[in-house]
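Each chain, written out:
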Amino acid sequence: MSELQLNAVVKTFGATTVLQGISTNFAGGTVTAIVGDNGAGKSTLCKTIAGVYHPDSGEISLDGLKLNNLGPHETREAGIEMIYQELALAKQHDVVSNLFFGREKTRWLGWLDRKAMMEQSQIVLDTMGIALPSLKREVGLLSGGQQQAVAIARALLFSPRVLIMDEPTAALAVREIEHTLELIKKLKERGLIVILISHRLNDVFAVSDRIIALRSGTIVADQMVHETSMQEVVSQIMIA
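Residues numbered from 1 in each chain as written. Predicted model: local features only at pLDDT ≥ 70, side-chain atom pairs only at ≥ 80, totals over all residues. Heavy atoms only, no water.

### What about the pairing of strand E4 (residues 57–62)?
Next up, step 1: The pairing of strand E1 (residues 3–13) with E4 spans 5 bridges and is classified as antiparallel. Paired with Val 10 across the strands is Ser 57, a residue of E4.
Next up, step 2: Looking at chain direction, E4 and strand E5 (residues 65–66) are connected through 2 bridges and run antiparallel. When the bridges of E5 are listed, Leu 62 appears paired with Leu 65.
Next up, step 3: The antiparallel pairing of E4 with E5 creates a hairpin that spans 2 residues between the two strands, and Asp 63 there sits at a positive phi of about 50 degrees. (Pairing = 2+ DSSP bridges. Helix = DSSP H or I, 4+ residues; strand = E, 2+ residues; numbered from the N terminus.)

This is how it looks when you write it as structure tokens:
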């Protein structure tokens, strides 16, 4: 199983220190939720892991590979994928185009290999139990839950070791939330390191093994789910 390690990670923006020496680790086959109030540093932490930001000091490594100076593309190549709350889908394009956006398969003379992309797309969707009306359907015509499933499938196409999800259930209906949580459980079963940012504590307790609570860029609690409660987590993230 893979291991992602953070050692004394600091991130500043101007005079503001957003991450104040974060040290922790994440193991494969587990779901770790990162919770905290607005401005706690959740998104900054995950974007720093994903290479969007570079830490000012400290070290981030995945299975011994240092990630500090890698950009988003190199970090993805190293095995880290992040699904943003906005999903970043091209809604006027079909499912297959979205799954392979920026990493299209080509054949002779650079022609797109649509057949190969269709086949690989269907394999990933089938493996995760994701049912869509058609791979040729424009993504903008899919429901919110189906679009979330497309974003997850896109992240899985290139066999990541780490998957970071930013508020994956925030804009979904109840039935779609349940389906997304089932997909997260399947990601865990595949041995991925899953990092979940969420304000929805019901969802956190439904799928997570561990909860890290942030406040003002500092870890104020790091507990296994069975060792804590929603009331305790709320008290940890609230500013006294």
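Past the structure itself, the notes keep going.
### Points about the environment of Met 224
Next up, step 1: Within the element layout of this structure, Met 224 appears in strand E10 (residues 218–224).
Next up, step 2: The exposure class of Met 224 is partly exposed, given its relative accessible area of 33%.
Next up, step 3: In this structure the C-alpha to C-alpha distance between Met 224 and Ile 164, which are 60 residues apart in sequence, comes to 19 Å.
Next up, step 4: Setting aside residues no more than four positions away along its own chain, Met 224 makes contact with Asp 209 and Arg 210. (Buried < 20%, exposed > 50% of the residue type's maximum accessible area, 1.4 Å probe, protein only. Contact = heavy atoms within 4.5 Å.)

### Some details on a nonpolar patch on the surface
Next up, step 1: The grouping of Trp 108, Leu 109 and Trp 111 at the surface amounts to a nonpolar patch, some 480 Å² of accessible area in total.
Next up, step 2: Checked against the element boundaries, Trp 111 lands in the loop between helix H3 (95–99) and helix H4 (114–128).
Next up, step 3: Take Trp 111: its relative accessible area is 57%, and that puts it in the exposed class. (Patch = residues over 30% accessible without salt bridge, like charges linked within 9 Å, V, L, I, M, F, W, Y side chains within 5 Å. Areas by Shrake-Rupley, 256 points an atom, 1.4 Å probe, with all protein chains shown as cover. Salt bridge = Lys/Arg side-chain N within 4 Å of Asp/Glu carboxyl O.)

### Section: the pattern of salt bridges
Next up, step 1: In this structure the tally under the stated criterion is 9 salt bridges.
Next up, step 2: In this structure, Glu 59 engages Lys 66 in a salt bridge whose closest nitrogen and oxygen atoms are separated by 3.5 Å.
Next up, step 3: With its nearest N and O atoms 2.9 Å apart, the salt bridge here joins Asp 94 to Arg 114. Of this pair, Asp 94 sits in the loop between strand E6 (80–83) and H3 while Arg 114 is found in helix H4, placing the two residues 20 residues apart along the sequence.
Next up, step 4: Using a relative accessible area of 13% as the deciding quantity, one classes Asp 94 as buried.
Next up, step 5: Taking the relative accessible area as the measure of exposure, Arg 114 reaches 31% and is therefore partly exposed.

### Description of the pairing of strand E8 (residues 193–197)
Next up, step 1: Burial of E8 is extensive: 5 of the 5 residues sit out of reach of the surface.
Next up, step 2: Here E8 shows no split at all, with Ile 193, Ile 195 and Ile 197 on one side and Val 194 and Leu 196 on the other all buried.
Next up, step 3: Of the strand pairs in this sheet, strand E7 (residues 162–166) and E8 are connected by 5 bridges, and their pairing is parallel. Bridging across to E8, Ile 164 finds its partner in Ile 195.

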